[in-house]
Every structure is written in C-alpha cells, then in structure tokens.
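Summary of the model geometry
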Amino acid sequence: MSFPASDLSHDKEKGVFVNETALPVEAAPERVLVHRYGRFGPLLAKLFASGVEARGVERVPEDQRETKNMWNNLLMWWSVNTVLTTIPIGTLGQAFFTLTLPHAIATILCFGALGGIATAFISTLGPKTGLRTMAITRFSSGYVGGIIYSILNILTQLGFSVSAVILGGQTLASVNPGTLPLVVGIILIGVLSLIPCFIGYNLVHYYERYAWTVIFIIIMFLWGLGGHAGFDVSAQTPREDTDRALSADILSFGGIVFGSFTGWAPVAADYNCKLPVNTSSTKVFLLTFFGLWIPICFVEILGAALMTITDPTYTQAYEEGSTGGLVAQTLSPWGGGGKFLLVLLGLSVVANNIPNTYSAGLSMQTLGRPFALVPRCAWTLLAFAAYTVAGVAGRAHFSEILSNFLSILSYWTAFFVVVVAEEHVLFRRARGPLGGYNLDDWDSPSRLPLGVAGVLAGCCGGAGAVVGMSEVWYTGPLAQRAGAEVGADLGFELAAAFAGVAYPPLRWLEIRLTGR
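Residues numbered from 1 in each chain as written. Predicted model: local features only at pLDDT ≥ 70, side-chain atom pairs only at ≥ 80, totals over all residues. Heavy atoms only, no water.

Note: most residues except glycine have negative phi, and most peptide bonds are trans. Even without being glycine, Thr98 reaches a positive phi, approximately 50°. Along the chain, Thr98 falls in the loop between helix 5 (87-95) and helix 6 (101-129). Positive phi is not limited to glycine here, since Asp243 has a value of about 55°. Among the secondary structure elements, Asp243 is positioned in helix 12 (residues 243-262). Under the relative-accessibility criterion, Asp243 is labelled exposed at 65%. (Helix = DSSP H or I, 4+ residues; strand = E, 2+ residues; numbered from the N terminus. Buried < 20%, exposed > 50% of the residue type's maximum accessible area, 1.4 Å probe, protein only.)

The following block contains the structure:
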C-alpha cells in the first residue's frame, strides 16, 4: 500500500522564513496556539512548557514521528482492558441471557475475535496516515460524514466513561459501606482520569505501559478466590433457554461482547499516529489484536465464572451491589487485605477511562474548524465534566446503562469499520481508483470526498441495525423472526452487511462523477 509523501519541506520553509501567523499548525501547534490566543498566549505557553500536549487533531508530520511507543500497541490495550470495568460485561451472559458458563465462554471468545480484528485493522491506519481516527474517516465519508462519526464517537466515549466512573465509584464505596459516598467515589475516579489526559499523549502512554501489572495479579487472585468459593459449571443449566431462544441469547450477548471490543475502534489510531510511516502494519495489527483479545476475554470470562458461584452470600452480594458487590464478596475472605485489593480494583478503571477522556476531546475538535481552534486540553476538561455529571445522575442504573449502551454501540461501530476498510482496500490501494491518500487534504473539504457515498452507506448500516436490533424498548422485524419471544439481536451483523453492500457501488459512482 503506497501513501504519497506530504509536502513537508515547504511547510518547514514557511515555519522558518515567515512570521508565526503563517506557521503550519501541523508542524508547530504550540507556537500557533500561543500566538492565536493573544492575552491568553502566555498561559498556554506555560502549560505547553510544563508538558501539556499542544497537538490535537492536526496531522503528525513524518519528521516528528518516533518509535518509542511501538510495544504500547499491545501494552496500552492490555492495561485499558485488564480492569474492573471489563468484569461486568461477562456477568451479563448469565444475568440477562441465562447462558451456561461454557456457552458464555464460547460466545466471548468468538465474538471477541471478530471485534478484535475490526479494531486492530483501524489501528494500522494510524502510522500510515499520522492522523487521529476521526480525521481518517474524512477520506471515506467526507468532511460532513466525519462530523457525523465524531458526534457518534463523542457519545460512545462519554458512555464508556459514565459506565467506568459509576463502577469505580460503586467499588470504592463498597469497601467500607457508609464511609465514602458513591458520588465522591465517582468524582474521584473522574479527576484521576482527567490528569494524564489533560497533560496528553506521552503521559497517557507512560501510564498505560505499566498500569496492567498490578491489576493483572489481582485478577489472578480473583480467579483463585472464586474457584475456592466454588465455580459451578452447571449452575445455569436449569435456567438456560433451548433451541431458537438459546440462539437468540447467544447472538444478543455476542453483540454486547463485540461492542466491548469495537468500542475502541473509533479511537484505535489516536494512540499510534506518532509512529513512523514505515512501521510494519502486520506488527501493529497483531500487537493490537492480542492486546485486546487476551485481556478482554480473560476478564470477561472471569465475570461469567463468578456468576456461577451458588453460595447465597455471593448471589445476594450481586443482587444488592451489582458487580462491585460480587467482587467485594469474592475478596472478603482476605479481610483487610481483600479491602486493599478492592480499592486498587476500583482505581483500575482509571486506566480504562483515560482513552475515553482523551479521545472524546479529540473528537470534539473534529466537529469542524471552529472546534479545532480550541486547545485539546480545554475539550478534555469539558468531556470530564460531562461524564462525571452524567455518572452522578445515573449511578443507580449501572447494569441497564451498560447492557443497552454496549448493544447499541456495536451497531454504528460495525458499519464504521466496514466503510473505512472498504475505502482503504478497494479505493486507496496503490493501483486502485485513487492510488493512495493525499494526506495534505485531511482538513480541506474541497479536496476531500463529497461524502455522499459514506453517509448513505452509513444510513444503510443504520437501517440494517434497526431491522435487526433486539432491545427492551424495540425489536426489529428480522430480529423477531430470528429469535423466540424477545428476538435475536442481529443489529451489528446486519449493520455491517448493509453498509458493506451499499458502499462500493456508491463510492465508485461518487469517484466517477467528482474525481475524488
């Protein structure tokens, strides 16, 4: 795959020989921002000098790339997902869909692999383009289509954050009931997540490189303590559905698992866009895939296994305190040591919430040029305020938020990945109709695709999701036919299929008529 080099030498010359108002923001974002904000310039200069990242959605020029975070394609995603937040996804297999442990495990492994492949592919585009993920969508869906995807991604990342801060707050509040209010726990998790995101890319990578180590050991402890309490593989057998109803349960739970993986697809390139353009795509793909698939499956299966403990004390703990209560009960045999581990688990959601917070700010910048003029760190503050307030307001409805949110999430991420992948493989290949990416066009609406094909294909994907979804509040006609009483959730499968069929002919026609 060839990518024409950007005309960076000319940008360098401008940066040297003209005044700062003519500096290309891609080459020197800190100097441009300081000059742009006049009386606030000195404050921004101090922030940038202290280490706060100035670069937002601007493309990273080839001569400013570095190799130091290559292994974070694995380690970052390992840290992000080896957390308390991943456990409740596994519990949904039994709590909502009455699956036995073997069926829950098989569903997690298979649907997780599909989601991991999708997200790992998007990750490979970061080094190739030097762009953040939402900016990359402009090359398939145009400037307007990129704004639509940015809105969806903002809602996605804020939704993830709401789930994270609620669960973290619940867990901290359950250590010594009555001593730490849930609201305070939620705010604490939000503030701790904000700090590295406000500072930016390098601190995010530094934290995520090591955050997994302690929590992985605690997860192993949970496996051991849960096994000691008694995993019962056949515990759900009397409650499990059969025939079409069982198929419906597996498909619906599979959609949630798929969403737990592809929820990272719209941000996957945000964290490796500073790697050199010649970085091996195969290596990036494999590191990202296993950085997602191994920890997510390992921790989600733990959640499913904990639900098989039949001791009434454990079932009551889940009923009264959701996942946080169940985990607290599992650690309770270790007394004070168990409470200390529970605190660390509660704080582990910070690692999960960091990419949500950081990328939500970037997506706000890709809403258009006026939004991109605002420094990235300011949007990060706004994202923090939004999900913290929402977490406080929705703290009593965690399971419902998680179940419905992840199901709906899988719908749009499915057709998003398909559209970006087909653009890359069919139209941007070296000998394809467009012959590669003209990366200098990333912020030029007149030179980007019109986006009609991408937007219409996305609408087709949305239509596929509507006819295939199965939610508490709505069941599509195809979902109803595929399942039993409540239907089978085929939303992400049909969203991907409808968009995948519609996009190639629409994009071919768009290129034929417009040349771009």
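In the structure shown here, the tally under the stated rule is 26 aromatic pairs. Ring geometry for Trp212 and Phe216: centres 6.2 Å apart, planes at 70°, overall edge-to-face. Of this pair, Trp212 and Phe216 are both found in helix 11 (residues 212-229), four residues apart, which corresponds to roughly one turn of the helix. Residue class for Trp212 comes out partly exposed when judged on its relative accessible area of 23%. Between Trp412 and Phe416, the ring centres sit 5.6 Å apart and the planes meet at 50°, which makes this aromatic pair tilted. Here Trp412 pairs with Phe416, and both are found in helix 18 (residues 398-427), just four residues apart, close to one helical turn. For Trp412, a relative accessible area of 7% gives the class buried. For Phe416, a relative accessible area of 0% translates into the label buried. Here the aromatic residues Trp78, Trp212, Phe216, Trp223, Phe231 and Phe298 are joined through ring pairs into a cluster of three or more. Stacked on the ring of Tyr201, the Lys or Arg Lys274 has its end atom at 4.3 Å from the ring centre. (Phe/Tyr/Trp six-rings, centres within 6.5 Å; stacked < 30°, edge-to-face > 60°. Lys NZ or Arg CZ within 6 Å of the ring centre and 35° of its normal.)

Here helix 6 contains 29 residues, and its C-alpha end-to-end distance of 42 Å stays within 8% of the 42 Å for a straight helix at 1.5 Å per residue. Just downstream of helix 6, Gly130 is the residue with a positive phi angle, here 75°. (Expected span 1.5 Å × (residues − 1).)

A cluster of nonpolar side chains, Ile187, Leu188, Val191, Leu192 and Ile195, forms an exposed patch at the surface whose accessible area comes to about 360 Å². Examined against the element boundaries, Ile187 turns out to sit in helix 9 (residues 182-199). The exposure class assigned to Ile187 is partly exposed, which follows from its relative accessible area of 38%. (Patch = residues over 30% accessible without salt bridge, like charges linked within 9 Å, V, L, I, M, F, W, Y side chains within 5 Å. Areas by Shrake-Rupley, 256 points an atom, 1.4 Å probe, with all protein chains shown as cover. Salt bridge = Lys/Arg side-chain N within 4 Å of Asp/Glu carboxyl O.)

Right, let's get into the packing of helix 11 against helix 15 (residues 335-365). Viewed as axis vectors pointing N to C, helix 11 and helix 15 meet at an angle of 125°, and their least axial separation amounts to 10 Å. Here helix 11 is positioned oblique relative to helix 15, judged by the angle of their axes. Considering how the two elements wind past one another, helix 11 and helix 15 form a crossing that is left-handed. Note on element contacts: helix 15 touches helix 11 through Leu341, Leu344, Leu345 and Ser348, opposite Val214, Ile215, Ile218, Ile219, Phe221 and Leu222. Its residues assigned to classes, the contact of helix 11 with helix 15 shows nine nonpolar, one polar and no charged. (Axes fitted to C-alpha atoms, helices over the stretch in contact; angles between N-to-C directions. Parallel < 35°, antiparallel > 145°, perpendicular 65-115°, else oblique. Left-handed = near helix turned anticlockwise from the far one by under 90°. Contact = heavy atoms within 4.5 Å. Nonpolar A, V, L, I, M, F, W, Y, C, P; charged D, E, K, R; others polar.)

Relative to the helices and strands, Ser161 resides in helix 8 (residues 138-175). Leaving out residues up to four positions away in the same chain, Ser161 has contacts with Asn353, Asn356, Thr357 and Tyr387.

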